[in-house]
Number of protein chains: 2
Amino acid sequence: MKLSDLGEFGLIDRLSRDLITRPAEVVQGIGDDAAVLHLEGPWWLLFTTDMLVEGVHFSLDYATPAQVGIKTVSVNVSDIAAMGGWPVHGVVSLGLPTRLSVEDVDELYQGIRRAAKEYGLNIVGGDTVLSPERLVINLALLGFVEKGRAVYRSGARVGDLLYVTGSLGKSAAGLYLCQHPDLTLDPGVAAFLRQVHLEPRARLTAGRILSCAGVTAMDDVSDGLAAELREICRASGVGCRVRAQDIPVDSRVKTVAALAGCDPLDWAFCGGEDFELVFTAPPGMARHVEEKLAAAGEDCRCIGEITPAEKGMVLELADGRLIPLEARGYDHFAS
Amino acid sequence: MKLSDLGEFGLIDRLSRDLITRPAEVVQGIGDDAAVLHLEGPWWLLFTTDMLVEGVHFSLDYATPAQVGIKTVSVNVSDIAAMGGWPVHGVVSLGLPTRLSVEDVDELYQGIRRAAKEYGLNIVGGDTVLSPERLVINLALLGFVEKGRAVYRSGARVGDLLYVTGSLGKSAAGLYLCQHPDLTLDPGVAAFLRQVHLEPRARLTAGRILSCAGVTAMDDVSDGLAAELREICRASGVGCRVRAQDIPVDSRVKTVAALAGCDPLDWAFCGGEDFELVFTAPPGMARHVEEKLAAAGEDCRCIGEITPAEKGMVLELADGRLIPLEARGYDHFAS
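This is a predicted model, so every value here is computed, not measured.

Caption draft 1: Representation of the pairing of strand β8 (residues 217-220) of chain B in the model. All names here are of chain B. On β8, burial covers both faces: Ala217 and Asp219 on one face and Met218 and Asp220 on the other are all buried. Note that β8 and strand β10 (residues 277-281) share four bridges and pair antiparallel. If you follow Asp219 over to β10, its bridge partner there is Val278.

Right under this line is the structure:
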């Protein structure tokens, strides 16, 4: 069978069976943003890994090596943030083509170093090997979270409100601008969106606040909102209803989308790499959560609610029509 | 500057500066087989990672996907064994070319699963991405070791005896046989050596015994004995004198080397991937260590001693001549 016949999620389901030898040490294994592991003391250990491949996850045609380093760290920290924890220690594996110079690798590590300092984590080891064609970077990252405070994808309950932090689609707009450098646009706007794409930041502070507040489910928006909602609904055994007009999309994203002839909601739902947090909270907790985030300078927006599984995943358009959210996600269905 | 001008060790030295943001949490950072990290409770946390690239670390021309999985796990477990600890949790990143089938990836994971069970560790997460040309596998592995019992490369003292477990050169002989399948040889011998190369096992039991016995320095033989001795001597600020005739080399390795027209000691010193343990112990501890290993069915051999740094790294040949060990390591200097 071809890998493309099974797809990424089918493959992961197939591979992740029977991998736990000592279950008493594992709180939560494969299937969330990070594994949750028992430790002595007040904290659980979080463990996650992400591999970035040149030409697949980044291009050195428009990203500097330092930006690739920053992105590698942020992608992993975002997984720790989505569990409600904080990052502590990472190990970096580099597969290096010989066409890269020592200065390129220095710069890559400069990006890793800068991001590690920003997130307060240590890089404690690594491996450096030859990778003839493509630069490959793997970061494996440890974090901590207070016992009982890890936030899973599986905790959403019918009636919970559905939220997203920040705004969506900026990374997709930035990628479009990287790929279309001749687009006529305010240079400040273009530079801002490109930087959001090339140097993403994880929502670590928001994740900590949401974990302490006790939100019921959380995921980071790495693969686009539609994919993350599918993950939460699947893991929680629920459906959801999302209001299109409440999806937060920055006006600068709308400007680029208009020039590109795209629907900015497509970027929000399918673009991915925004590294915002999507989460659910019972209505009674909503004001508390909003206030706590606002007090820390973080923002969130209620975009819908959790429904029974049999209602499916539904998008409510501005004119009141309801369409399946799946359709939007995969088929770039126009509203 | 080209990467080849600096070399792997020069590059690692250059990159590993200024990567610790929170030093109070780190017992030992970059520079040993695994990082050693503070935890509450009786144990330290060990953290290591290794990346294997198709065509660089393995070839699917003669390794099955399951063997690649076994090797990936063993390489990492060997790093934990060399610190004196035991492995607990791993996360696997796979970069997959689309030419691989689902069955190939199943088989790869079957190897990972089998090795994980054998070593008693959990695979708790991973990442699966596209890698157009080459299969890339990264395992990041956590282990534990009793506080104060981690064995570093830096602990060797002048007068310590130098030991190696098992025997050396089997993996290099096995690789030679994989690359020269038409060599006329007893099929049982050929199959044995090929399997040693393709399905290496980490010396986990020996590492635990040696850590509990309190040996002074330890490393696993992943890059050949010469390279590991350099690591220990450099980290400990000492020299060493190794007796060529005491280097344990299996008679089957000698047979293959004779057919290949190679010196089996070259394979022992430079071949690598034997995943034996090289360690140092004060003379007063020697008998205790040998007895403890023997009682567990493990073997070791005294191959020399630790000397002052100014004596350098010296190989004593069978005829009594002394030659620099470095020369042997890098230039395949004939004895």
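Caption draft 2: Structural view of the interface of chain B and chain A. Listed per partner, the contact involves 66 residues of chain B and 66 residues of chain A. Residues that form the side of chain B that touches chain A fall into these classes: 34 nonpolar, 18 polar and 14 charged.

Caption draft 3: Focus on the sheet that holds strand β5 (residues 122-130) of chain A. Residues and elements named next belong to chain A. Judged by pairing direction, the sheet is mixed, and its six strands sit side by side in the order β1-β2-β3-β6-β4-β5 without closing on themselves. Here the strands that pair on one side only, and so sit at the sheet edges, are β1 (26-28) and β5. Adjacent strand axes in the sheet meet at a mean angle of 20 degrees, parallel and antiparallel pairs treated alike. Bridge count between strand β2 (residues 35-37) and strand β3 (residues 43-53): three bridges; the pairing is antiparallel. The residue of β3 that forms the bridge with Leu37 is Leu45.

Caption draft 4: Here's a closer look at the relation of the copies chain B and chain A. Structural alignment of chain B on chain A gives an RMSD of 0.0 Å, achieved by rotating through 180 degrees and translating 0.0 Å along the axis. Each copy turns onto its partner about a two-fold axis. The share of interface residues of chain B whose copies in chain A are also at the interface is 100%, consistent with both copies meeting through the same surface.

Caption draft 5: Examining the packing of helix α2 (residues 65-82) of chain A against helix α3 (residues 102-119) of chain A more closely. Residues and elements named next belong to chain A. Contact geometry for α2 and α3: axes closest at 6 Å, N-to-C directions at 35 degrees. Crossing angle aside, the handedness with which α2 passes α3 is right-handed. In this structure, α2 uses Pro65, Ala66, Gln67, Val68, Gly69, Ile70, Thr72, Val73, Ser74 and Val77 to contact α3, whose residues at the interface are Asp104, Glu107, Leu108, Tyr109, Gln110, Gly111, Ile112, Arg114, Ala115, Ala116 and Tyr119. Residues that form the contact of α2 with α3 fall into these classes: twelve nonpolar, six polar and three charged.

Caption draft 6: How the structure looks around the sheet that holds strand β9 (residues 238-243) of chain B. Residue and element names in this part refer to chain B. Overall, mixed pairing links the seven strands, which are arranged β8-β10-β7-β11-β9-β12-β13 in an open sheet. The outermost strands of the open sheet, each flanked by one partner alone, are β8 and β13 (322-324). Each adjacent strand pair in this sheet contributes to an overall mean axis angle of 25 degrees, direction not counted. Across four bridges, strand β7 (residues 161-165) lies against β10 in antiparallel orientation. Paired with Tyr163 across the strands is Phe279, a residue of β10. Those strands touched by helix α2 (residues 65-82) are β8 and β10, and its axis lies near 175 degrees from that of β8.

Caption draft 7: Spotlight on the domain arrangement of chain A. Residue and element names in this part refer to chain A. Domain annotation of chain A identifies domain 1 (3-146) and domain 2 (153-331). Contacts between the two partners involve 18 residues from domain 1, matched on the other side by 19 residues from domain 2. The class makeup of the residues in the side of domain 1 that touches domain 2 is ten nonpolar, four polar and four charged.

Calculation criteria
- Along each chain, the written sequence defines residue order, and numbers are assigned to residues from 1.
- The naming scheme follows written order: chains are lettered A onward, ligands numbered 1 onward.
- Given that the model is predicted, a residue must reach a pLDDT of at least 70 before its local features are reported, and side-chain atom pairs must reach 80 or more before they are shown or counted; all residues, however, enter totals for whole chains, interfaces and linings.
- Residues with at least 20 other C-beta atoms within 10 Å of their own are called buried, those with 12 or fewer are called exposed, and the rest are partly exposed. The C-beta atoms themselves are positioned from the backbone.
- Each helix corresponds to a stretch of at least 4 residues labelled H or I by DSSP, and each strand to a stretch of at least 2 residues labelled E; elements are numbered beginning at the N terminus.
- Here, any two strands with at least 2 DSSP bridges between them count as paired.
- In this description, any two residues whose backbone-derived C-beta atoms lie within 7 Å of each other are considered to be in contact.
- Classes in brief: Ala, Val, Leu, Ile, Met, Phe, Trp, Tyr, Cys and Pro nonpolar; Asp, Glu, Lys and Arg charged; the others, Gly included, polar.
- Note on method: axes are straight lines fitted to C-alpha atoms, helices fitted across the in-contact stretch only, with angles between N-to-C directions ranging 0 to 180 degrees.
- Superposing the copies works by least squares over the C-alpha atoms of residues that have pLDDT at least 70 in both of them.
- Should the near helix be turned anticlockwise from the far one by less than a right angle, the crossing is left-handed, and should it be turned clockwise, the crossing is right-handed.
- Either an automatic procedure or a domain database provided the assignment from which the domain bounds are taken.

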